[in-house]
Amino acid sequence: KAGVTQTPRYLIKTRGQQVTLSCSPISGHRSVSWYQQTPGQGLQFLFEYFSETQRNKGNFPGRFSGRQFSNSRSEMNVSTLELGDSALYLCASSLDVSSGNTIYFGEGSWLTVV
Amino acid sequence: GNSVTQMEGPVTLSEEAFLTINCTYTATGYPSLFWYVQYPGEGLQLLLKATKADDKGSNKGFEATYRKETTSFHLEKGSVQVSDSAVYFCALSPRNTGNQFYFGTGTSLTVIP
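Residues numbered from 1 in each chain as written. Chains lettered and ligands numbered in written order. Predicted model: local features only at pLDDT ≥ 70, side-chain atom pairs only at ≥ 80, totals over all residues. Heavy atoms only, no water.

**Observations regarding the state of the cysteines**
Note on terminology: a disulfide is the covalent bond linking the sulfur atoms of two cysteines.
So, point 1. Applying the stated criterion to the full structure yields two disulfides over all chains.
So, point 2. Residue Cys-23 of chain A pairs covalently with Cys-91 of chain A via a disulfide, S to S 1.8 Å. The sign of the S-S torsion, about -60 degrees, decides the handedness of the disulfide formed by Cys-23 of chain A and Cys-91 of chain A: left-handed. You can see Cys-23 of chain A sitting in strand β3 (residues 19–24) and its partner Cys-91 of chain A sitting in strand β9 (residues 87–94), a full 68 residues away along the chain.
So, point 3. Disulfide partner of Cys-23 of chain B: Cys-90 of chain B, at an S-S distance of 1.9 Å. With the S-S dihedral at roughly -70 degrees, the linkage between Cys-23 of chain B and Cys-90 of chain B falls on the left-handed side. Here Cys-90 of chain B lies in strand β10 (residues 86–93) and Cys-23 of chain B lies in strand β4 (residues 23–26), a separation of 67 residues in the sequence. For the pair Cys-23 of chain B and Cys-90 of chain B, a shared accessibility class is recorded, and that class is buried. (Disulfide = S-S within 2.5 Å. Helix = DSSP H or I, 4+ residues; strand = E, 2+ residues; numbered from the N terminus. Buried < 20%, exposed > 50% of the residue type's maximum accessible area, 1.4 Å probe, protein only.)

And the structure:
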């Protein structure tokens, strides 16, 4: 069974640009969540989608947005990139939104903003 | 609020040494607790979990017990191997909030032969 797939794995963008990251969850998983990982702030929750609806959102500015498609695939977008957005962006999927679920991570997308 | 406090690293141990990584949490209600491991250049992998008080999670020789009275979920392994070198994250998932996880800062473990 394929795991969580994230594309692209590595990308370099210029300050002010925008970026779109993609995530394909494990087959049958309907919940997708996104996390930002940086050396200074650690792992921080961005948002979660289930059945194409955003269920939860972390404490990030409106430049960070996402969506989920009917096949459960998800994208996140960051507009007007800042140097501080350089990070590893991790997508995680889970069967549903029941309490105690395990979330399964992809390998992440490394974003460097120059 | 919800938060996880994890033992600061880095930790360096000799092969076959005993490992403890401390983790305490603050949460509303009774969360589920997790340990994830991250190898260099990879995403996080589930190591073990416990969903209610006094549950013990175990996997690959690692163990952690959900202690409600001390709000702790310490990770232990009796005999570490070089292949255990990685970063370990303690995390909690509050009840009834979907899959919004709160992670500790991570503890880097290096095991030397």
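Text resumes after the structure shown.
**Observations regarding the interface of chain B and chain A**
So, point 1. Counting residues at the interface gives 20 residues for chain B, matched by 24 residues for chain A.
So, point 2. At the junction of chain B and chain A, the tally comes to zero salt bridges.
So, point 3. Applying the counting rule to chain B against chain A returns nine residue pairs in polar contact (both at pLDDT 80 or more).
So, point 4. Within the residue set of the side of chain B that touches chain A, elements represented by two or more residues are β5 (32–38) and β6 (44–50) of chain B.
So, point 5. If you tally residues by element for the side of chain B that touches chain A, the top one is β5 of chain B, at four residues.
So, point 6. Of the residues belonging to the side of chain B that touches chain A, the class tally is seven nonpolar, ten polar and three charged. (Contact = heavy atoms within 4.5 Å. Salt bridge = Lys/Arg side-chain N within 4 Å of Asp/Glu carboxyl O. Polar contact = N/O pair within 3.5 Å; in protein donor to acceptor, adjacent residues only side chain to side chain. Nonpolar A, V, L, I, M, F, W, Y, C, P; charged D, E, K, R; others polar.)

**Details of the pairing of strand β2 (residues 11–14) of chain B**
Residues and elements named next belong to chain B.
So, point 1. Of the two faces of β2, the one lined by Val-11 and Leu-13 is fully buried and the one lined by Thr-12 and Ser-14 carries no buried residue.
So, point 2. As paired strands, β2 and strand β12 (residues 107–112) are joined by four bridges and run parallel to one another. Looking across to β12, one finds that Ser-14 is bridged to Ile-112. (Pairing = 2+ DSSP bridges.)

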